[in-house]
Amino acid sequence: KKFTIFSVVSILLSGVLVDILPSAAVTDEVLLNAIFGGIVNGVGMTICLKANATTGGTDFVSIFVSERYGIDAWNYIMALNVVILLIAGSLFGWTKAMYSIIFQFSSTQVLHAMYQRYQKETLFVITEWPDEVYQVIKENTNHDATLFKGIGLYLYKTRKMVYSVVSREEARKVIRKIREVDSKAFINV
């Protein structure tokens, strides 16, 4: 409910503000407008997504796919938008369609850099305290982990490795907490 309400507010505000706010041309360069417009759009989308809302359009599809399948769907949505723009380009002219593709690309790149909820990272933690490390992972991410036992080849000593996959957003916090539990842990991300 909260997601839907915030999204409706975002879409309504966007529509109203586009009509109310005066437009100020910074440059007449279409390429610069496409690139920097995409950057501004990507920042705006990220702010909405971090507030648990969307700006409408294909964002809804991306959020649905990402939530449903636990994947980062933004590149797929960009590809869908590119197909739509190519169809529009064949009907209405290629120049504007190509600038729109540049806009979509720059917007998606900013979104990828700033909104990392669905991007995954793999943690390999070699530790003397695997149970404590596992508890940190479970409590902070609600993800599970796998324990591997092996032999460290430098000293030929038995070693324990905890393996888990977490979101990129969670990784920094988990690594900090693991360091609190085992300051000598070797962590590979």
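Residues numbered from 1 in each chain as written. Predicted model: local features only at pLDDT ≥ 70, side-chain atom pairs only at ≥ 80, totals over all residues. Heavy atoms only, no water.

Turning our attention to the sheet that holds strand E1 (residues 120-127). Hydrogen bonds between backbone groups are what pair the strands of a sheet, and the pairing can be parallel or antiparallel. Strand order in the open sheet made by the four strands is E2-E3-E1-E4, with antiparallel pairing throughout. Each having just a single partner strand, strand E2 (146-152) and strand E4 (186-188) make up the two edges of the open sheet. Between one strand axis and the next, the sheet turns through 25° on average, direction left out of account. Where E1 meets strand E3 (residues 157-167), eight bridges bridge the pair, whose relative direction is antiparallel. Following the sheet pairing, Leu123 is matched in E3 by Ser164. Here helix H6 (residues 130-141) sits on the sheet and contacts E1, E2 and E3; the angle it forms with E3, its principal contact strand, is near 5°. With respect to the sheet, helix H7 (residues 168-181) is in contact with E1, E3 and E4, its orientation differing from that of E3 by roughly 145°. (Pairing = 2+ DSSP bridges. Helix = DSSP H or I, 4+ residues; strand = E, 2+ residues; numbered from the N terminus. Axes fitted to C-alpha atoms, helices over the stretch in contact; angles between N-to-C directions. Contact = heavy atoms within 4.5 Å.)

What follows is about the pairing of E1. Residues Glu121, Leu123, Val125 and Thr127 line the buried face of E1, whereas the alternating positions Lys120, Thr122, Phe124 and Ile126 sit on a face that is not buried. Looking at chain direction, E1 and E4 are connected through three bridges and run antiparallel. From the neighbouring strand, Ile126 faces E4, where its bridge partner is Phe186. (Buried < 20%, exposed > 50% of the residue type's maximum accessible area, 1.4 Å probe, protein only.)

What follows is about the packing of helix H3 (residues 58-69) against helix H4 (residues 74-92). In a pair of packed helices, the angle between the axes and the distance between the axes together describe the arrangement. Running from N to C, H3 and H4 cross one another at 145°; their axes reach a closest spacing of 9 Å. The handedness of the crossing between H3 and H4 comes out as right-handed. For the pair H3 and H4, contact is made by Thr58, Asp59, Val61, Ser62 and Ile63 and by Trp74, Ile77, Leu80 and Asn81, respectively. Taken together, the residues that form the contact of H3 with H4 break down as five nonpolar, three polar and one charged. (Left-handed = near helix turned anticlockwise from the far one by under 90°. Nonpolar A, V, L, I, M, F, W, Y, C, P; charged D, E, K, R; others polar.)

Given a rise of 1.5 Å per residue, 19 residues ought to cover 27 Å, and the 26 Å separating the end C-alpha atoms of H4 matches this to within 8%. Of the residues making up H4, those classed as buried are Trp74, Ile77, Met78, Asn81, Val82, Leu85 and Gly89. Within H4, the buried residues cover an arc of 145° as seen down the axis, which keeps them to one side. With respect to the buried face of H4, the exposed residues turned more than 90 degrees away are Tyr76 and Leu91. Close packing links the buried residues of H4 with helix H2 (30-50), H3 and helix H5 (94-114). Count one or two residues on from H4 and you reach Gly93, which has phi positive near 125°. (Expected span 1.5 Å × (residues − 1). Arc of directions from axis to C-beta.)

Throughout the structure, instances matching the rule amount to two aromatic pairs. Ring geometry for Phe148 against Tyr163: centres 6.2 Å apart, planes inclined by 80°, an arrangement best described as edge-to-face. Of this pair, Phe148 sits in strand E2 while Tyr163 sits in strand E3, and the two are 15 residues apart along the sequence. Taking relative accessible area as the criterion, Phe148 reaches 40% and is therefore assigned partly exposed. A network of ring pairs unites the aromatic residues Phe124, Phe148 and Tyr163 as a single cluster. (Phe/Tyr/Trp six-rings, centres within 6.5 Å; stacked < 30°, edge-to-face > 60°.)

The values reported here are purely geometric and, on their own, carry no functional implication.
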